[in-house]
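Chains, contacts and geometry: an overview
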Amino acid sequence: MPRIPFPACCTFFDLRLALFMGCGLALSASFWAPAGAQDAQASGEAAKQGADVGAEAGREAAIAAVIGDQFAAFRADDFVTAFDFAAPGIQAMFGSPDRFGAMVRNGYPMVHRPAEVEFLGLSEVAGGLHQKVMVRDSSGALHLLDYEMIATPEGWRIGAVRLLTADAVGA
């Protein structure tokens, strides 16, 4: 996925639209049976694989939207909204949007005020989903972050963010 200059797309609408369109194309492609298909089972398998690809693309789009919307909230100093994107365990740990915002400002300044954000790979680690995000801070330094995503009844939430070191990046 290309780098996204953060100030140019604070709502991440273009990202969501591009991912949604890709998801729709993958889903619609799954319903077209290839010409001369041997039997219904073969076309059924193709439809299932296409739907799986579409579901995965939809999941990636939803996760990127949550992280992107939290970046937008931080950029606007809207810690109440940013706090809403945190998983229940994180909310319980910090107790209030103000305490959460202070932690981000002091511990993750590159997340509070990114100059550029690039979504890298989404992967499954020990049964959980982790989104890698590269952030360029205002001084031009690059930071690689690992977002642990949690599925909740309200949708995807951020369960943890780790700043990866050079050792972790190579692993």
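This text follows the structure it describes.
Residues numbered from 1 in each chain as written. Predicted model: local features only at pLDDT ≥ 70, side-chain atom pairs only at ≥ 80, totals over all residues. Heavy atoms only, no water.

1. Examining the layout of surface pockets
Here the largest pocket is characterised by a volume of approximately 210 Å³. Elements represented by at least two residues in the lining of the largest pocket include exactly helix H2 (40–75), helix H4 (88–94), helix H5 (97–107) and strand S5 (155–163). Take the lining of the largest pocket: its biggest share by element is four residues, from S5. Residues that form the lining of the largest pocket fall into these classes: 13 nonpolar, two polar and no charged. (1 Å grid on protein atoms, 1.4 Å probe; cavity = no way out; pocket = protein on both sides within 12 Å on 5 of 7 lines; lining within 4 Å. Points joined across faces, edges and corners; volume = space filled by probe spheres on them. Helix = DSSP H or I, 4+ residues; strand = E, 2+ residues; numbered from the N terminus. Nonpolar A, V, L, I, M, F, W, Y, C, P; charged D, E, K, R; others polar.)

2. What to know about the pairing of strand S4 (residues 142–152)
Taken together, the eight bridges between strand S3 (residues 128–136) and S4 define a ladder with antiparallel strand orientation. Looking across to S4, one finds that Gln131 is bridged to Tyr147. Pairing of S4 with S5 involves eight bridges; the strand directions are antiparallel. Among the inter-strand pairings, Glu148 is bridged to a residue of S5, identified as Ala160. Once S4 ends, the chain turns through two residues before running back antiparallel as S5. (Pairing = 2+ DSSP bridges.)

3. Considerations on the packing of aromatic side chains
Considering all chains together, one arrives at five aromatic pairs under this definition. Clustering of aromatic rings is evident, with ring pairs tying together Phe74, Phe79, Phe83, Phe94 and Phe100. (Phe/Tyr/Trp six-rings, centres within 6.5 Å; stacked < 30°, edge-to-face > 60°.)

4. Description of the pairing of strand S2 (residues 116–125)
With eight bridges connecting them, S2 and S3 associate as antiparallel partners. Along S3, the bridge assignment pairs Glu118 with Met134. Taking the residues that link successive antiparallel strands as the turn, the S2-S3 hairpin has two residues, and the phi of Ala126 there is positive, at about 50°.

5. Points about the environment of Leu142
Within the element layout of this structure, Leu142 appears in strand S4. Separated by 28 residues in sequence, Leu142 and Pro114 place their C-alpha atoms 9.9 Å apart. Residues within four places of Leu142 in sequence aside, it is in contact with Met134, Val135 and Arg136. (Contact = heavy atoms within 4.5 Å.)

6. Digging into the pattern of salt bridges
What the rule picks out here adds up to four salt bridges. Between Glu116 and Arg136 there is a salt bridge; the shortest N-O distance is 3.4 Å. Taken as a pair, Glu116 in strand S2 and Arg136 in strand S3 lie far apart in primary sequence, 20 residues in all. You can call Arg136 partly exposed: its relative accessible area is 23%. (Salt bridge = Lys/Arg side-chain N within 4 Å of Asp/Glu carboxyl O. Buried < 20%, exposed > 50% of the residue type's maximum accessible area, 1.4 Å probe, protein only.)

7. Side note on the nonpolar core
In terms of nonpolar packing, the biggest core is built from 29 residues, with Ile67, Phe71, Phe100, Val111, Val133, Tyr147 and Met149 touching the most fellow members. Examining the composition of this core, we find that seven residues originate from one element, H2, more than from any other. Not counting residues up to four positions away in its chain, the partners in contact with Phe100 are Gln70, Phe74, Ala82, Phe83, Ala86, Ile90 and Phe94. (Core = buried A, V, L, I, M, F, W, Y, C linked by side-chain atoms within 4.5 Å.)

8. Here's the deal with H5
Looking only at H5, the buried set comprises Phe100, Gly101 and Val104. Projected onto a plane normal to the axis of H5, the buried residues spread over an arc of 100° and lie on a single side. When the buried face of H5 is taken as reference, the exposed residues oriented beyond 90 degrees from it are Asp98, Arg99 and Asn106. (Arc of directions from axis to C-beta.)

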